[in-house]
Structures are given as structure tokens and as C-alpha cells.
Amino acid sequence: MSATIRLTVAQALVRFLSVQYTERDGVRHRLIAGTWGIFGHGNVAGVGQALLEAGEDAMPFHQGRNEQAMVHAAVGHARQLNRLSAQAVTTSIGPGATNLVTGAALATINRLPVLLLPGDYFATRAADPLLQQLEHPTEADVSVNDTLRPVSRYFDRVQRPEALIPSALQAMRVLSDPAETGAVTLALPQDVQAEAYDWPQEFLAERVWRVRRPVPDPVELTEAVNAIRSSQRPLIVAGGGVHHSEAEEALKALVDATGIPVASTQAGMGALRHDHPADVGGIGHTGTAVADDLARTADLVIGVGTRYSDFTTASGTLFQNPDVRFLNLNITAFDAHKLAARTVVCDARAGLEALASALAGHRVDPAYEAAYGTGKERWDEVVDRAYRAADESAVPTQTQLLGALDAVVGDEDVVINAAGSLPGDLHKLWRARGPRQYHLEYGYSCMGYEIPAAIGVQQATPDTPVWALVGDGTYLMMPTELVTAVQEGLPINLVLIQNHGYASIGGLSESVGGERFGTAYRYRAADGTFSGAPLPVDLAANAASLGMDVLRAKTVLELREALATARASDRPTCVYVETDTATATAPPAEAWWDVPVAETASREAAVRARTEYDRQTAARRTHL
């Protein structure tokens with residue numbers, strides 16, 4: 001009979017998590033590096049007590065302020081470490097649990113691992129109904145945690161102690177599998193958390209989950225090589241899978257040998273350095289002119305680790321060559337088969353290395369290289385103009401802010417953003433110098449992600465300068481974790497941009513006939529609209545009240561100085577700037593994005609917008 005140890009379910013779970021590891025290429029990481037938590041009656045005596053008993057060495061604990069933000073922090077941590085390490089998040093029942101849903105959706109959409117441990121109602125029904133319990137009139141086993149089912153890659157409710165063993169093992173399998181990973185939810189009834197059981201020692205022993213690098217199937221590889229050799233205008237679309245697989249050097253070796261240009265999705269930016277001759281920048285609705293021109297004429301699009309969102313494909317209007325075909329290299333068959341592509345289902349690095357070897361001696365036509373090189377040079381001039389400020393005593397535009405930041409950051413800095421008008425400007429203009437520098441969450445584009453994600457990145461790589469770029473709309477969604485950064489002494493840098501409203505959606509609203517309705521942060525005027533004076537909200541004072549050091553910048557020169565001061569600081573620091581929104585310095589969109597417009601309307605703006613919408617949709621293609 002095997003040896004056992006008597007522990008509560010929560011104690012056993014924490015001990016189990018503390019000895020789980022991933023290993024790839026001989027490098028080992030803790031699979032669950034720490035646990036975020038906010039305690040309530042649904043987890044304080046179970047998981048809370050277990051964390052206290054385990055101690056910081058066994059399971060580091062991070063105190064959060066908002067459950068959604070805790071998930072964002074865990075996601076930032078996982079992305080920074082290439083999905084090889086994750087964090088757990090424990091909450092009470094009720095609103096604490098449902099606050100996890102947005103973060104879980106973000107994690108799963110972006111294929112990033114996070115372990116969610118919400119409390120749940122009594123399995124024994126000894127106390128029923130509980131405080132915060134949702135009573136379902138026909139399904140007694142439903143709880144609010146069921147809202148996490150559609151946004152989780154694995155879900156279980158642990159109704160008995162012994163059920164934890166298979167459930168925990170399945171959870172680790174999913175978290176560590178690059179083809180399966182995302183949010184994993186183990187709902188824990190609060191009475192079961194505190195129940196004792198005799199656990200097999202084998203369950204609590206150290207366990208290593210090896211992260212596979214599956215190689216290409218020989219037949220798929222041969223077909224891929226033939227497709228590339230026969231193409232005249234191939235284009236690589238680099239997605240986030242390049243980074244997750246640490247395939248940047250393999251990609252560089254392939255394009256150095258073949259001359260195939262590389263355009264990047266939001267998640268793939270930095271797959272090549274911005275100054276590499278083959279890097280043509282972002283692709284799609286927020287892409288560069290050179291990348292989108294190449295996409296329109298490409299006869300072979302080679303997707304590497306991308307899931308082809310509507311921004312990447314310009315809502316199906318970007319790839320216009322009548323003979324265009326797709327070749328997708330992806331670790332998941334689900335993504336590899338998109339756009340009726342030839343598939344190479346494998347690890348990104350293994351696949352790129354195999355392609356480079358099989359394509360030995362092949363190179364694109366020199367005229368093709370020269371053409372995209374010229375386009376790259378022209379776009380570099382566009383970036384220079386957007387970054388440059390003729391008068392350094394003037395109020396900066398948003399693109400001039402990016403220019404000032406570009407002048408301050410080092411190759412190792414990480415710049416984080418997720419929502420608003422910044423993702424478009426960054427995708428077009430940012431000159432990524434390293435594989436981790438450009439950190440855009442654009443799978444869910446979740447307002448409020450940036451600040452907690454910066455904390456997660458800082459925890460993952462403590463010596464890395466980290467920048468969270470947010471507008472006033474995003475800041476007001478979720479500034480809560482600034483308190484956490486101050487408490488933990490994490491020197492994150494917050495760049496807080498005041499532009500008096502939802503600037504990005506305001507511009508979109510105008511383009512689709514919405515006339516910027518409901519997008520400005522202003523007083524209500526006499527006509528009932530929000531068109532009065534700007535609200536006297538002092539977000540810098542708010543950040544200071546939460547413990548941040550705050551630097552106010554009114555001019556381009558002051559901004560550059562403030563950014564340099566923030567980078568040199570060892571404390572959490574906010575650089576606050578009000579930008580010039582009247583002067584247009586951002587280049588326009590180079591490709592379309594489908595946001596449906598009212599088919600009938602009485603207002604002229606919507607009628608005009610519908611005419612333009614019908615013109616654009618005529619270019620949409622279904623790739624078969």
C-alpha cells in the first residue's frame with residue numbers, strides 16, 4: 001500500500017501546484033509560479049489557509065485589488081515567459097468568481113495559460129442557499145462559475161476530495177500544452193476545500209510536463225517547400241506563435257537565406273527587428289503601406305503562428321491576388337486550416353528550421369527584394385515624420401509621444417498596450433528592437449489590461465523596464481492594481497494620456513455615421529448631448545493618491561525628460577500628458593475593417609457611411 005498524507009483539499013492542491021514544472025529545450029520553469037488572490041467567505045478558510053500554511057517559498061502569494069486584473073497580471077506573466085510558466089488566481093464565490101470571466105476570455109483567445117480557482121457553493125448542500133448564491137429553479141447543480149465554461153479550455157467542479165487528483169492532472173496537461181492552452185478553471189466548493197483526505201504521496205511528488213516541439217509531417221513539408229519554390233511573390237505573416245516558440249532566430253535564418261519579406265500581426269511584432277531588411281512592419285487594417293501592398297499582390301501567404309483575425313485580413317479584403325494561396329505553419333490544426341490553406345502542423349521553430357533546410361539555395365527574385373526594400377524606406381520616412389516635432393515647446397501629438405518614448409527605451413524594455421487608438425499607431429509606427437518589446441493584447445483588446453499586465457511582466461522578469469501605455473478611458477476602467485505595484489515595490493512605468501474620452505471609438509463612430517455620439521468625456525450641454533466643456537478630472541492626482549510618483553509633461557521636451565526620469569526611477573512612476581488631438585500626425589489606415597453601418601438612416605452622415613461601406617464590402621473575398 002502506498003504512503004499517504006492527510007491534508008485538506010486546498011492544502012493538497014497548493015502542495016501539488018508547488019511542485020509542477022515545465023521543461024523545454026532542457027530549461028525548467030515552475031509551471032505555477034505564484035497565486036493571486038482576494039479572499040472572501042468562499043475561499044478564505046480553504047485556499048487562503050492553505051497558502052498561509054504552505055508559505056511563500058512553496059507558493060508565493062500576490063494580493064490583488066480586482067479579480068479581472070489579477071487574471072490580466074497572470075496573463076502578462078505567462079506571455080513574457082513564452083507560456084512556460086503561469087500563475088493561479090483564487091477568488092471567493094459570487095461576484096469575485098464572475099469577475100474572472102473577462103480575464104479568462106482574454107487568456108483563452110490569446111492562447112495564454114492561467115489557472116483559475118474560484119470558490120463554489122457547498123457540495124453537501126448543508127447550507128443552501130448561501131450568501132451570493134445564484135439559485136437556478138430547474139438546474140440545482142448550476143452556479144455562477146458556469147459562466148467560465150465557454151471561456152475555459154478545461155473546466156471542472158471538484159465535488160469530492162478524490163476527484164481533485166484526475167482534475168488537477170488534466171489542468172496541468174492543458175496549461176502546459178501549447179496546442180491546448182488557455183484559461184483552466186477548477187471550481188472549488190467551499191466545504192470541499194476544507195475537507196481532509198489521505199492523499200497518495202505520488203500525487204504530491206515533483207512532476208515535469210515536457211513542452212513538445214512537434215516536427216513537420218514529411219508530406220506536408222514537401223508540399224510546403226514546393227509551394228514556396230513555385231511562388232513569385234511570397235509573404236510571411238508572423239504571429240504570436242513565433243514568440244511563444246522562441247522561433248525568432250529560426251525566422252531570421254529563413255528570411256536571410258530566402259529574402260522572403262515578413263509582415264507581422266499585433267502579436268507577432270518584433271519577430272524580426274524593425275531594421276532587418278525583410279521586416280516590412282504590421283499587416284492589415286493597422287498595417288504599414290508596404291506590408292499591405294505586398295499582401296494585395298502576394299501569390300503565397302505563409303502564416304506562421306497566426307490565427308488570422310479580421311484586423312490581419314482587413315475583414316477578408318486584403319489578399320486580392322486572384323491566384324493567392326495560403327500556407328499555414330501552426331501548432332494547432334484549428335488555426336493551420338484557416339483560409340483553406342496548405343498546412344504544416346508543428347512547432348513554429350521546428351517548422352521554420354525544417355523549411356530553411358529544405359529550401360537551401362532558393363531565393364526570391366532580386367527585383368522583388370528591391371521593390372519591398374524601397375517600400376520599407378518610404379515607410380521609414382512616414383514614421384520619421386509622425387515621430388518628429390517641429391516645435392519641442394508645443395503640446396505633443398500621440399505619435400510624437402511614441403517618438404519621445406522610442407528615443408528613451410532600450411532594446412530590453414517592454415511596451416504594453418491593448419485598446420484605444422494606440423494599438424493602431426503602435427502597429428504602424430513602433431520600431432520593435434527585441435522579441436519581447438512589443439506587448440500588444442489585441443486578441444480581446446481589453447481596456448484595463450495594461451497596468452496589471454505590466455505587473456505580471458515585471459514579476460516574470462524583474463530587471464526589465466516595463467511601460468504601460470493607457471488613455472484616460474482605459475485608465476478609468478481599471479487603475480486598481482497601481483496600489484499593488486506600490487505595495488510590491490514594482491517600478492512599472494505608466495504613461496497616462498489624457499484626450500478627454502474614447503478617442504479611438506470617437507473616430508470610428510465618425511467614420512460609420514455615428515457622429516462621435518457618446519464618446520467624449522464632457523459635460524452635458526443644453527441640447528442634451530455630451531458636447532460641453534471637458535470634465536475637470538485630474539487623473540494624475542488620482543494616480544498620485546494611489547501611491548505613484550507622478551511627472552506632468554505639457555510639451556514635447558518636458559515629455560522626453562519625464563520619460564527618461566521615469567525609466568531611471570526605482571519606484572512606480574506615472575508620466576501624465578495631455579495630447580494635441582486637433583493636429584493629425586498619424587498616417588491613415590492602409591486597409592479596411594468591417595464595422596457594419598446602418599442600412600437605412602435619416603441622418604446624412606450615416607447615409608454617406610453606408611455608401612462607402614457597400615463599396616468596401618464588394619472587395620471581400622472568400623478564400624477556398
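Scroll up to find the structure.
Read on for an overview of the structure. Small disclaimer: the values here were computed from a predicted structure and weren't measured. (Residues numbered from 1 in each chain as written. Predicted model: local features only at pLDDT ≥ 70, side-chain atom pairs only at ≥ 80, totals over all residues. Heavy atoms only, no water.)

Things to note about the pattern of salt bridges
Rules: Any carboxyl oxygen of Asp or Glu that lies within 4 Å of a side-chain nitrogen of Lys or Arg is treated as forming a salt bridge with it. Under the scheme used here, helices are H or I runs from DSSP no shorter than 4 residues and strands are E runs no shorter than 2 residues, and both carry numbers assigned from the N terminus. Buried residues are those whose accessible area, probed at 1.4 Å on protein chains only, stays under 20% of the maximum for their type, while exposed residues exceed 50% and partly exposed ones sit between those limits.
In this structure the tally under the stated criterion is 35 salt bridges. Ionic pairing is found between Glu 180 and Arg 153, a salt bridge with its closest N-O pair at 2.9 Å. Of the two residues, Glu 180 is situated in the loop between helix H6 (164-176) and strand S9 (183-189) and Arg 153 in the loop between strand S7 (114-120) and strand S8 (154-157); the sequence distance between them amounts to 27 residues. Overall, the relative accessible area of 30% leaves Glu 180 in the partly exposed class. Arg 296 is paired through a salt bridge with Asp 293; the nearest N and O atoms lie 3.3 Å apart. Note that Arg 296 and Asp 293 are positioned in helix H11 (residues 289-297) at a spacing of three residues, about one turn of the helix.

Considerations on the sheet that holds S9
To be explicit about the condition: Here the rule is simple: two strands pair whenever DSSP picks up at least two bridges between them. Every axis in this analysis is a line fitted to C-alpha atoms, fitted for helices over the stretch in contact. Angles between the N-to-C directions lie between 0 and 180 degrees. It only takes one pair of heavy atoms within 4.5 Å for two residues to be counted as in contact.
Taken in spatial order, the six strands line up as S5-S4-S6-S7-S9-S8 in an open sheet, and their pairing is parallel. The sheet terminates laterally at strand S5 (61-63) and S8, the two strands that pair on one side only. Within this sheet the neighbouring strands show an average axis-to-axis angle of 20°, counted without direction. Relative to strand S6 (residues 86-91), strand S4 (residues 32-37) runs parallel, the two being bridged by four bridges. Across the sheet, the residue bridging to Gly 37 is Thr 90, located in S6. With respect to the sheet, helix H3 (residues 67-80) is in contact with S4, S6 and S7, its orientation differing from that of S6 by roughly 170°.

A few points about the sheet that holds strand S18 (residues 414-417)
Spatially, S19-S18-S20-S21-S23-S22 is the arrangement adopted by the six strands of the open sheet, whose pairing is parallel. Each having just a single partner strand, strand S19 (438-440) and strand S22 (549-553) make up the two edges of the open sheet. Within the sheet, the average angular offset between the axes of one strand and its neighbour, ignoring direction, is 20°. The sheet contact formed by strand S20 (residues 466-471) and strand S21 (residues 493-498) spans five bridges and is parallel. For Trp 467, the partnering residue across the bridge sits in S21 and is Asn 493. Lying over the sheet, helix H17 (residues 422-429) contacts S18, S19, S20 and S21, oriented at roughly 150° with respect to S19.

Quick notes on H3
What counts here: Helices are assigned an expected span. That span is 1.5 Å times one less than the residue count. Identification of polar contacts relies on pairs of N or O atoms within 3.5 Å, with a donor-acceptor requirement for protein atoms, meaning one able to donate a hydrogen and the other able to accept it, and with residues adjacent in sequence counted only if both atoms are side-chain atoms.
Helix length check: H3, at 14 residues, gives a terminal C-alpha distance of 20 Å against a target of 20 Å (1.5 Å per residue), a fit within 8%. Within H3, 14 of the 14 residues are buried, leaving the element largely enclosed by the surrounding structure. One side-chain oxygen at the N-terminal end of H3 lies 2.9 Å from the backbone nitrogen of Gln 68; it belongs to Asn 66. Note on H3: the residue one or two positions beyond its end, Asn 82, has a positive phi of about 60°.

Let's talk about empty space enclosed by the protein
Applied cut-off: Computed over the protein atoms alone on a 1 Å grid, cavities are sets of points where a 1.4 Å probe fits but cannot get out and pockets are open sets with protein on both sides within 12 Å along at least five of seven lines; a residue lines them when it has an atom within 4 Å of a point. Grid points are joined across faces, edges and corners, and a volume is the space filled by probe spheres set on the points. Residues were grouped as follows: Ala, Val, Leu, Ile, Met, Phe, Trp, Tyr, Cys and Pro as nonpolar; Asp, Glu, Lys and Arg as charged; and all remaining residues, including Gly, as polar.
Across all of its chains, the model carries five cavities of 30 Å³ or more by this definition. Of the pockets and cavities examined, the largest cavity occupies roughly 650 Å³. Gly 240, Gly 241, His 244, Ala 267 and Gly 305 are, among the 43 residues lining the largest cavity, the residues nearest its centre. Of all the elements in the fold, those that place two or more residues in the lining of the largest cavity are H3, helix H9 (240-244), helix H12 (310-313), strand S16 (325-330) and S19. Class assignment for the residues of the lining of the largest cavity results in 14 nonpolar, 21 polar and eight charged. Approximately 180 Å³ is the volume attributed to the second largest cavity. Residue lining of the second largest cavity: 20 residues in total, with His 274, Asp 279, Gly 281, Trp 379 and Trp 430 positioned closest to the centre. Elements represented by at least two residues in the lining of the second largest cavity include exactly strand S14 (279-282), helix H15 (366-387) and H17. Residues that form the lining of the second largest cavity fall into these classes: nine nonpolar, six polar and five charged.

Distances and angles like these do not, on their own, reveal function.
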